[in-house]
Amino acid sequence: MLDIRLFRNELEQVRAGLSRRGESSESVDAVVRLDDEVRRINTERDELRSRIRALSNEVGQLMRDGLKDEAGDLQAESRELGAQEKQLDAASDAAAHELRELLLRLPNLPSDDAPDGSTEHDNVVARVENYDPGSYADHQRVPHWETGEALGILDVERGVKMSGSMFVMYRKAGAAMVRALCQLALDRNADLYEEVRPPTLVRADTMVSTGHLPKFADDAYHLERDDLYAIPTAEVPLTSLARDEILDHAALPARYMAHTSCFRREAGSAGKDTRGLLRVHEFDKVELLAYTTAEQAPALHREILDRAEALIRDLGLAYRILDLCAGDLGNSSRRTFDIEVYAPGVDRWLEVSSVSWFGDYQARRANIRHRSAEGKGTEVCHTLNGSALAVPRVWAGIVETHRQPDGSVAVPEVLQPYLRGLTRIG
RNA sequence: GGAGGGAUGGCAGAGUGGACGAUUGCGACGGUCUUGAAAACCGUUGAGGUGCAAGCCUCCGGGGGUUCGAAUCCCCCUCCCUCCGCCA
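Residues numbered from 1 in each chain as written. Chains lettered and ligands numbered in written order. Predicted model: local features only at pLDDT ≥ 70, side-chain atom pairs only at ≥ 80, totals over all residues. Heavy atoms only, no water.

Undergrad: Please clarify how the sheet that holds strand S10 (residues 282–292) should be interpreted in this entry.
TA: Sheet strands line up and pair through hydrogen bonds in the backbone, either parallel or antiparallel. Taken together, 8 strands build an open sheet; the order of strands is S1-S11-S12-S13-S16-S10-S9-S4 and the sheet is mixed. Across the chains shown, the open sheet's two edge strands, defined by having one partner strand only, are strand S1 (124–129) and strand S4 (194–196). Shown here is a sheet whose adjacent strand axes are inclined to one another by a mean of 25°, direction ignored. As paired elements, S4 and strand S9 (residues 254–263) share 3 bridges and run parallel to each other. Across the sheet, Val196 pairs through a bridge with Ala258, a residue of S9. With respect to the sheet, helix H12 (residues 391–401) is in contact with S10, strand S12 (335–343), strand S13 (348–357) and strand S16 (382–390), its orientation differing from that of S16 by roughly 40°. (Pairing = 2+ DSSP bridges. Helix = DSSP H or I, 4+ residues; strand = E, 2+ residues; numbered from the N terminus. Axes fitted to C-alpha atoms, helices over the stretch in contact; angles between N-to-C directions. Contact = heavy atoms within 4.5 Å.)

Given below as structure tokens:
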């Protein structure tokens, strides 16, 4: 949620930022109009309240003095004002509610550093690492679902039998590798990040805090009977960890990591990427998240990207870093770097991590503040996060990249200790 | 799921219709004293809205109601605790 003060003091900046995303300016106009209205009504209402309080105090004084009969006129006047106040209050609530709904649906402003552009084709490739297009042999040009099936480590058919399309089942070393990847990611970040195991079913307001509701309700699994949502990423519960709290300045930056299942309906992608692990409804992921001051945010953005990148590099995968253009940024993000792994079997770049800086957009929704360094007053925190490791596509990248001429898959060295010393699958 | 008890400032804990945004204690911060510290003593110390400011307004778990006036009375909801039931 954007700071309403931006609309009052730096309206042109808001318009410019939103238009870089391709948002129309109609809602901006509506926000300004409603904000004016709310403040106008509130001023009038507060004036009435003030008079009612003064009258009531007079009545109270008369009562204490035993002059009950003289209070009648004051009571009548106060009652009259009370009726007016009630009307204004209702009008204020209605306008304020409308304003909030509007603000909740407006996306964040792109950072000035985010490149211009409107679609994913305009994203800037910041770096390409460990990738030599001519280096791939025929034995690596096999899709992971074929290798997985052949080695008995991926059972798509039975996953679908249980739960429908885009649900998969891992088996034997394939299942162990899911666990190993998560354990590796947690161990590699345990030096600075506190491990958390949060609930995977959360309330609506928890989803609102990160920006996943109300705008993207179609993407989330919802348990109607209990009105709970299955989290699409650990970002959701981790952001609500500090909801409605005022953090101590000395506690920042506060770093957390969590391994969770993630659930996505993929409502807009029906029929797309349905094969293998390219796009699934349920998957495991280790997420990194930080609460910071505004000043600390850039350093943490780099740190999370570095850590996510290091894991991919050490798994021996080819990857590239994308600097997302303004038009392709996630709704809540001001700047995002995507890490994409090259999967030779399907000859595609697969997004495995999205490292984002949200400014104070999420923290304002979640009401997360910190005491300012000078001691007086509070400031809204900044939040940042990124996948340390999202399992399915990394799993696919490993199986395709490290496939050997004999059809087996070499286990990356960093993973071997987590697979009981296994060096080769198949 | 049933029955009862709770929810007040950073924490603990008073307050059952009127001068209460809230007694007090602890903590924190500033000062006096001290070579320095501790102790003692003095003072300060919640969050937000609006306004140039003085000020005004809101917030005692959330929402509604009664009243001239609600932390306080009534209704609904959420959460926590105890007991019973069920259970990995």
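Undergrad: What is the right way to read the pattern of salt bridges from this model?
TA: As a working rule, side chains carrying opposite charge can pair if their charged atoms are close by. This model, assessed by the stated rule, comprises 28 salt bridges. Linking Asp155 and Arg158 is a salt bridge whose minimum nitrogen-to-oxygen distance equals 2.8 Å. Residue Arg158 is classed as partly exposed on the basis of its relative accessible area of 40%. Salt-bridge contacts for Arg335 lead to Asp323; the nearest nitrogen and oxygen are separated by 2.6 Å. Linking Arg335 in strand S12 with Asp323 in strand S11 (residues 319–323), this pair joins segments that are 12 residues apart in sequence. Residue classification places Asp323 among the buried positions, given a relative accessible area of 9%. In the salt-bridge network here, residues are joined through shared partners; they are Arg45, Asp46, Arg49, Glu85 and Asp89. (Salt bridge = Lys/Arg side-chain N within 4 Å of Asp/Glu carboxyl O. Buried < 20%, exposed > 50% of the residue type's maximum accessible area, 1.4 Å probe, protein only.)

Undergrad: Would you explain the environment of Arg33 in this entry?
TA: Along the chain, Arg33 turns up in helix H3 (residues 26–64). In this structure, the C-alpha to C-alpha distance between Arg33 and Ala95, residues 62 residues apart in sequence, is 9.8 Å.

Undergrad: Help me understand the sheet that holds strand S8 (residues 246–247), please; the structure alone is not making it clear to me.
TA: With mixed pairing, 3 strands are arranged side by side in an open sheet as S8-S14-S15. Looking at the sheet topology across the chains shown, the edges are occupied by S8 and strand S15 (378–380).

Undergrad: Can you help me understand the protein's contact with RNA strand B in this one?
TA: Taken together, 21 residues surround RNA strand B, and among them Arg8, Arg64, Ser78, Arg79 and Thr378 come closest. Among the atoms of RNA strand B lying within 4 Å of the protein, the sugar-phosphate backbone contributes 69%. Within the contact set of RNA strand B, a phosphate oxygen lies 3.0 Å away from a side-chain nitrogen or oxygen of Arg39. Between RNA strand B and Arg53 there is a distance of 2.7 Å, counted from a phosphate oxygen to a side-chain nitrogen or oxygen. Of all the secondary structure elements, the ones that give two or more residues to the surface near RNA strand B are helix H1 (4–9), H3, helix H4 (72–105) and strand S14 (369–371). For the surface near RNA strand B, the element with the highest residue contribution is H3, accounting for 11 residues. (Near = heavy atom within 4 Å. Polar contact = N/O pair within 3.5 Å; in protein donor to acceptor, adjacent residues only side chain to side chain.)

Undergrad: Explain the domain arrangement of chain A here, please?
TA: Where interface size is quoted, it is often the accessible area lost as the parts come together. With domains assigned, chain A is organised as domain 1 (4–105) and domain 2 (120–425). In this structure, domain 1 and domain 2 have C-alpha centres spaced 43 Å apart. If you look at the interface, domain 1 gives 5 residues, while domain 2 gives 11 residues. A buried area of about 790 Å², summed over both sides, lies between domain 1 and domain 2, and 43% of it is on carbon and sulfur atoms. Three residues, Arg21, Leu104 and Arg105, lead the burial of domain 1 against domain 2; their summed loss comes to 74% of the area buried on that side. The interface formed by domain 1 and domain 2 includes 0 salt bridges. Here domain 1 is connected to domain 2 by 6 residue pairs in polar contact (both at pLDDT 80 or more). (Domains from an automatic or database assignment. Buried area = accessible area lost by both parts, 1.4 Å probe.)

Undergrad: Explain H12 here, please?
TA: For the α-helix, the turn length of 3.6 residues means that residues three or four positions removed from each other point alike. Most of H12 sits out of view: 10 of its 11 residues are buried. Of the residues making up H12, those classed as buried are Val391, Pro392, Val394, Trp395, Ala396, Gly397, Ile398, Val399, Glu400 and Thr401.

Undergrad: Could you clarify how one ought to interpret the pairing of S9 in this entry?
TA: On any regular strand, side chains alternate: one points to one face of the sheet, the next to the other face. In terms of burial, S9 is a largely internal element, 10 of the 10 residues being buried. Residues of S9 alternate between two faces, with Ala254, Tyr256, Ala258, Thr260 and Cys262 on one and Arg255, Met257, His259, Ser261 and Phe263 on the opposite face, all of them buried. Bridging between S9 and S10 involves 10 bridges; their strand directions are antiparallel. Bridge assignment links Thr260 to a residue of S10, and that residue is Lys285.

Undergrad: Which parts of the structure should I look at to understand the packing of helix H7 (residues 172–189) against H12?
TA: Angle between the axes and distance between the axes: these two values describe a pair of packed helices. Taken N-terminus to C-terminus, the directions of H7 and H12 make an angle of 115°; their axes are 10 Å apart at the nearest point. Considering only the axes of H7 and H12, their crossing is right-handed. Within the contact between the two elements, H7 uses Gly174, Met177, Val178, Leu181 and Cys182 and H12 uses Val391, Val394, Trp395, Ile398 and Val399. Of the residues contributing to the contact of H7 with H12, the split by class is 9 nonpolar, 1 polar and no charged. (Left-handed = near helix turned anticlockwise from the far one by under 90°. Nonpolar A, V, L, I, M, F, W, Y, C, P; charged D, E, K, R; others polar.)

Undergrad: Please explain the state of the cysteines as it appears in this structure.
TA: One pass over the structure, following the stated rule, counts 0 disulfides. The structure places no disulfide on Cys262, whose sulfur is separated from the nearest cysteine sulfur, that of Cys182, by 9.3 Å. (Disulfide = S-S within 2.5 Å.)

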